[in-house]
Amino acid sequence: MKNVRIIILWLLVILLLVLADYFRSVSLQERGFSPEQEMLYRLPPAELMNVLALGFSPVVADYLWIKLILKTGQSLVLEGYQEHLEAEHAGGEHAHGVAFVPDWKDSVIVHYLEKNLEPVFFHYLDRITDLDPQFAYPYITGFTFELFHFKNREKSKYFLQKGMRNLPDYWEFPFYYGFIAYFYEQQPDSVVIPYLVRSVNATKGARVFNPDYPKTMLQAFLHKLSREKISYFYIQGLLESIGDEQLKNQMIQYFKQLQDSQSVRY
Amino acid sequence: MKKMLIIAETTLKETIRNKILYNILLFAVFIFFLGIIIGNWSLGEQERVILDFGLTGLHLIALLIAIFIGIHLVAREIQSRTIYNTLSKSVTRTQFLLGKFCGLAVVLLFNLLLLAIVLNLLVFLFTGQAHPGILVPVMFIYLEMLIIIAIAILFSMVTGSTLASILTIAVYIAGHMMGPVLQFLEKVEEIEHTPLYLPYLIIRGVRFIIPDLGVFVMIDEYIHGVALSEAFYGFTLLYFLLYLTAILVIGIMIFQKKDLK
């Protein structure tokens, strides 16, 4: 009799928990927004986060990094694709000739990225690099996304400058900074060469260490090769340094389009 | 010395039988696996994330052991009156306290080494990289927790278990916050003319009493391969020895005067 009562009580507890969970989800739906989304747009200042992290700021940096990756994936895969499907279904200019592969000219995905991800992207990467200045990959991610996805050169340079300050021994940051100076700002060789020298003399790297192309680049500049040949070496080096195959293919498409539009001399 | 070692051995055997210890160790393994799962989302930074979460988990587990077992180490013996038995066998109060401290220190050491081996194994299984050097940050976590145990014992003799736990956690938080707060305040220009000057002076004064636990956290340096000088290790060890001795001496003085009735 006592055992039966205990079983009934346990079943009652389980039923109460299931009902409570159901009403919790209904309540969230009524609320109309996800607390997840709210959270993303509010991060305290870096100094305060450092204090609140109680010495574990690298772990907090990791958490923010993963959150950002998930948000980026969610924006691209779930929300962006959903909008793409709706646009295709509705018809109209965006629906024609737009595949679900980021097309840098006129893609619904890119529009969505710019609209929804860009405000948080810089903010999050800035905090991550403040909390863990030794974490190299966010600087590189900031450079690539800000320059190639969001077309924001100043923010891209910001991450590279921060990387050069916090990780002076890494070859990538002066190399990419020289890339921006050469291609986007059309700076003379005298401005670009010191960055290449610094890159060649570096002793560490974020992923690949001591590749040959910064040295090849420097030799190309010192021997005053043509801009076409120098451009070729720079782009080749940039592509070789990208580990992610999808990003690499996107970059190849991007440079092909630049070649057609001739908006950048190379 | 022999009596102290006997008390330490008894404490070791009692603590190993404590169920809280096994629950805490299970929690540690859970945190390690959480790090592995989260590491898969990190875009090529899996090793770093597993080590970050693993070492932080190890730190938290050691903290739980230090606080929850350390608080009750002496207090329980006083409450249950079993301390009279021990003290009646011509064991001094100093020997008793130090024996208890050493017993828990050994338990904590074994647990940390075991967890470090498990973490190393998991990192090797999932990333192919072994990390024998992980013992360095683990040893510094151990030193930090010895200080926490000493503080927990000190508070448990002065007040009840709940308040002692809260005060120990408060000291832990303050000990970790002090470094970054002082760093931030020292960057403020002409702080003497700002309202922050008084808090700055207070924190600088309190720094002598509350341990600066941030010096023992080496997770970042280990993960990024930043080499620390031998002088740093030497001075940190010196700081640890001096501070621990001071806390244990205070604890012994309080225990000598404590009315056990």
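Draft legend 1. Fine view of the overall build of chain B. Check the secondary structure of chain B and you find ten helices and zero strands. Going from the N terminus to the C terminus, chain B shows its helices and strands as α-α-α-α-α-α-α-α-α-α. A compact globule built from 261 residues would reach a C-alpha radius of gyration of about 18 Å, and chain B, at 20 Å, matches this within 12%. Dimensions of chain B, computed from C-alpha atoms along their principal axes, come out at roughly 60 × 55 × 35 Å. Burial statistics for chain B: of 261 residues in total, 46% are counted as buried. Taking as baseline every contact in chain B between residues at least 6 positions apart, the subset at least 24 positions apart corresponds to 79%. With the model as given, the accessible surface of chain B reaches about 13100 Å², and the carbon-plus-sulfur share is 70%.

Draft legend 2. A look at the packing of helix α6 (residues 135-158) of chain B against helix α7 (residues 161-186) of chain B. All names here are of chain B. Where α6 contacts α7, the axes come no closer than 9 Å and their chain directions differ by 145°. As α6 runs across α7, the sense of the crossing is right-handed. Residues Glu 144, Met 145, Ile 148, Ile 151, Ala 152, Phe 155 and Ser 156 of α6 form the contact with α7, whose own contacting residues are Ala 164, Leu 167, Thr 168, Val 171, Tyr 172 and His 176. Among the residues making up the contact of α6 with α7, the classes are represented as nine nonpolar, three polar and one charged.

Draft legend 3. Region of interest: the nonpolar core. Core analysis: the biggest nonpolar cluster contains 147 residues, and Phe 148, Phe 179 and Tyr 234 of chain A have the highest contact counts within it. The biggest single contributor to this core is helix α3 (residues 46-79) of chain B, with 17 residues. With near-sequence residues (within four places) excluded, Phe 179 of chain A lies in contact with Phe 143, Leu 147, Phe 148, Tyr 184, Tyr 234, Leu 238 and Phe 255 of chain A.

Draft legend 4. Structural context of the confidence of the model for chain B. Residue and element names in this part refer to chain B. In this model, chain B carries an average pLDDT of 86, and 100% of its residues clear a pLDDT of 70 or more. Mean pLDDT per element in chain B: helix α4 (residues 82-87) is the minimum at 78, and α6 is the maximum at 92. Our summary of model confidence lists the complex with pTM equal to 0.77 and ipTM equal to 0.77.

Draft legend 5. Up close: the pattern of salt bridges. Tallied over the full model, the rule gives ten salt bridges over all chains. Among the ionic pairs, Lys 162 of chain A bridges to Asp 130 of chain A, the shortest N-O distance being 2.9 Å. Residue Lys 162 of chain A is found in helix α7 (residues 153-166), and its partner Asp 130 of chain A is found in helix α5 (residues 108-131); the two are separated by 32 residues along the sequence. Residue class for Lys 162 of chain A comes out buried when judged on its relative accessible area of 3%. Taken together, the shared-partner salt bridges connect Asp 62 and Asp 132 of chain A together with Arg 48 and Asp 52 of chain B into one network.

Draft legend 6. Inspection of the packing of α7 of chain B against helix α8 (residues 197-206) of chain B at higher detail. Residues and elements named next belong to chain B. At a minimum axis distance of 11 Å, the contact between α7 and α8 shows a crossing angle of 140°. The angle between α7 and α8 falls in the class oblique. α7 and α8 meet at a crossing whose hand is left-handed. Between α7 and α8, the contacting residues are Met 178, Val 181, Leu 182, Leu 185 and Glu 186 on the first element and Tyr 200, Ile 203, Arg 204 and Val 206 on the second. Of the residues assigned to the contact of α7 with α8, the class counts are seven nonpolar, no polar and two charged.

Draft legend 7. Structural context of the interface of chain A and chain B. Listed by partner, the interface residues are 20 residues for chain A and 24 residues for chain B. Looking only at chain A, the three residues that lose the most surface to chain B are Leu 54, Phe 56 and Ile 66 of chain A, adding up to 29% of its buried area. In this structure, the salt-bridge partner of Arg 48 of chain B is Asp 62 of chain A, at a minimum N-O distance of 2.7 Å. Counting every contact that joins chain A to chain B gives five residue pairs in polar contact (both at pLDDT 80 or more). For the side of chain A that touches chain B, the secondary-structure elements that each account for two or more residues are α3 (46-52) and α4 (57-90) of chain A. If one sorts the elements of the side of chain A that touches chain B by residue count, α4 of chain A sits on top with eight residues. A breakdown of the residues in the side of chain A that touches chain B according to their chemical character gives 13 nonpolar, three polar and four charged.

Cut-offs used in this document
- Residues numbered from 1 in each chain as written.
- Chains lettered and ligands numbered in written order.
- Predicted model: local features only at pLDDT ≥ 70, side-chain atom pairs only at ≥ 80, totals over all residues.
- Heavy atoms only, no water.
- Helix = DSSP H or I, 4+ residues; strand = E, 2+ residues; numbered from the N terminus.
- Rg over C-alpha atoms; globule rule 2.2 N^0.38 Å.
- Buried < 20%, exposed > 50% of the residue type's maximum accessible area, 1.4 Å probe, protein only.
- Contact = heavy atoms within 4.5 Å.
- Areas by Shrake-Rupley, 256 points an atom, 1.4 Å probe, with all protein chains shown as cover.
- Axes fitted to C-alpha atoms, helices over the stretch in contact; angles between N-to-C directions.
- Left-handed = near helix turned anticlockwise from the far one by under 90°.
- Nonpolar A, V, L, I, M, F, W, Y, C, P; charged D, E, K, R; others polar.
- Core = buried A, V, L, I, M, F, W, Y, C linked by side-chain atoms within 4.5 Å.
- pLDDT = per-residue confidence, 0-100.
- Salt bridge = Lys/Arg side-chain N within 4 Å of Asp/Glu carboxyl O.
- Parallel < 35°, antiparallel > 145°, perpendicular 65-115°, else oblique.
- Buried area = accessible area lost by both parts, 1.4 Å probe.
- Polar contact = N/O pair within 3.5 Å; in protein donor to acceptor, adjacent residues only side chain to side chain.

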